[in-house]
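Letter by letter, the chains look like this.
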Amino acid sequence: MSKSPATREFARRERPISPHLTVYRPPITMTMSIIHRITGGALYFGTLLVALWLMAAASSQATFDWANWAFGTWLGRIILFGYTWALMHHMLGGVRHLIWDTGAGLEKHTASKIAWATLAGSILLTLLIWIAGTMARGA
Amino acid sequence: MSGKNTDMRTPLARVRGLGSAREGTGHFWRQRLTAIANIPLILFFVGFLIALNGADHEHVRAALANPFVALVMALVLISGLTHMRIGMQVIIEDYVHGEGMKLALIALNTFFTIAVGVASIFALLKLAFGG
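It should be emphasised that the depicted structure is a prediction, and the values quoted were computed from it without experimental measurement.

A. Broad picture of the packing of helix H2 (residues 28–58) of chain A against helix H3 (residues 61–72) of chain A. Residue and element names in this part refer to chain A. Where H2 contacts H3, the axes come no closer than 7 Å and their chain directions differ by 150°. For the pair formed by H2 and H3, the contact residues are Leu 52, Trp 53, Ala 56 and Ala 57 on the first element and Thr 63, Phe 64 and Ala 67 on the second. Residue composition of the contact of H2 with H3, grouped by class: six nonpolar, one polar and no charged.

Next up, the structure:
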């Protein structure tokens, strides 16, 4: 298909494009929405760890000690720390959604503030849980 | 519903309000209900784990065998697993477009949920009644 010079000139001209994901600076609400889904997916598979722990507790001393050892290794602790954060983030994100379900907090800047609060709150709660856990272990 | 009625549904279908998927808002509502229930349940679970951090096997067994703990733990599992099953189904429906693969994954989602639930609750019952 041959194009006339005028058509080619038109195609070359810089024209505005609609905001697309790759050229669009994601607002915090969008990022938190994505993280909400990712943490939900992570928690889904995290239930395997809960099942493992309960089965180990219901099993022999040796099995329980092995599970305790595995959770206590550095890799185990990193996974559990991530699990704690995912749980707290998903919980606070869920509360945010429940607030939105009532029709409140949907104004642009309010929504952004709540989204930042979700992130800050999840980090704070995760640290508090681990500090409390360490204190319980020490006591 | 006054005047010219252009709604093709039968009066019964309209009253039930379930739509073509026969689910209506049941899925949405269950997700919210379990979300609300999960808040206190998960906080209990986290608190329980903090209190048990570093405890030996005997101590953990005794704690889980407590009737109150066993009951609440069963609720944590049922509410949490129901919530996650619905959530994963939404994720599958959003991203998997092949009809066969979608159905297979939705079935697998249910199997996974039930497997985790049955294994966990069996362990709880064993601790509670097995002595």
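B. Here's a closer look at the UniProt feature "transmembrane region" (unreviewed entry) in chain B. The feature "transmembrane region" (unreviewed entry), as annotated in UniProt, sits at residues 33–52, 64–82 and 103–125 of chain B in this numbering. Secondary structure within residues 33–52 of chain B divides into 100% helix and 0% strand; the distance between the first and last C-alpha atoms comes to 29 Å.

C. Structural detail: the packing of helix H2 (residues 26–52) of chain B against helix H4 (residues 67–95) of chain B. All names here are of chain B. At their nearest, the axes of H2 and H4 sit 8 Å apart, and the two run at 140° to each other. With respect to H4, the axis of H2 lies oblique. The handedness of the crossing between H2 and H4 is left-handed. Contact residues: H2 offers His 27, Arg 30, Gln 31, Thr 34, Ala 35, Ala 37, Asn 38, Leu 41, Ile 42, Phe 44, Phe 45 and Phe 48, while H4 offers Val 69, Val 72, Leu 75, Val 76, Ser 79, Gly 80, Thr 82, His 83 and Ile 86.

D. Examining the UniProt feature "binding site: heme" (unreviewed entry) in chain A more closely. Within this numbering scheme, the UniProt entry marks His90(A) as carrying the feature "binding site: heme" (unreviewed entry). Those residues in contact with His90(A) that lie beyond four places of it in its chain are His36(A), Thr39(A), Gly40(A) and Leu43(A).

Rules used throughout
- Residues numbered from 1 in each chain as written.
- Chains lettered and ligands numbered in written order.
- Predicted model: local features only at pLDDT ≥ 70, side-chain atom pairs only at ≥ 80, totals over all residues.
- Axes fitted to C-alpha atoms, helices over the stretch in contact; angles between N-to-C directions.
- Helix = DSSP H or I, 4+ residues; strand = E, 2+ residues; numbered from the N terminus.
- Contact = placed C-beta atoms within 7 Å.
- Nonpolar A, V, L, I, M, F, W, Y, C, P; charged D, E, K, R; others polar.
- UniProt positions renumbered as here; feature names shortened; annotations may be inferred.
- Parallel < 35°, antiparallel > 145°, perpendicular 65-115°, else oblique.
- Left-handed = near helix turned anticlockwise from the far one by under 90°.

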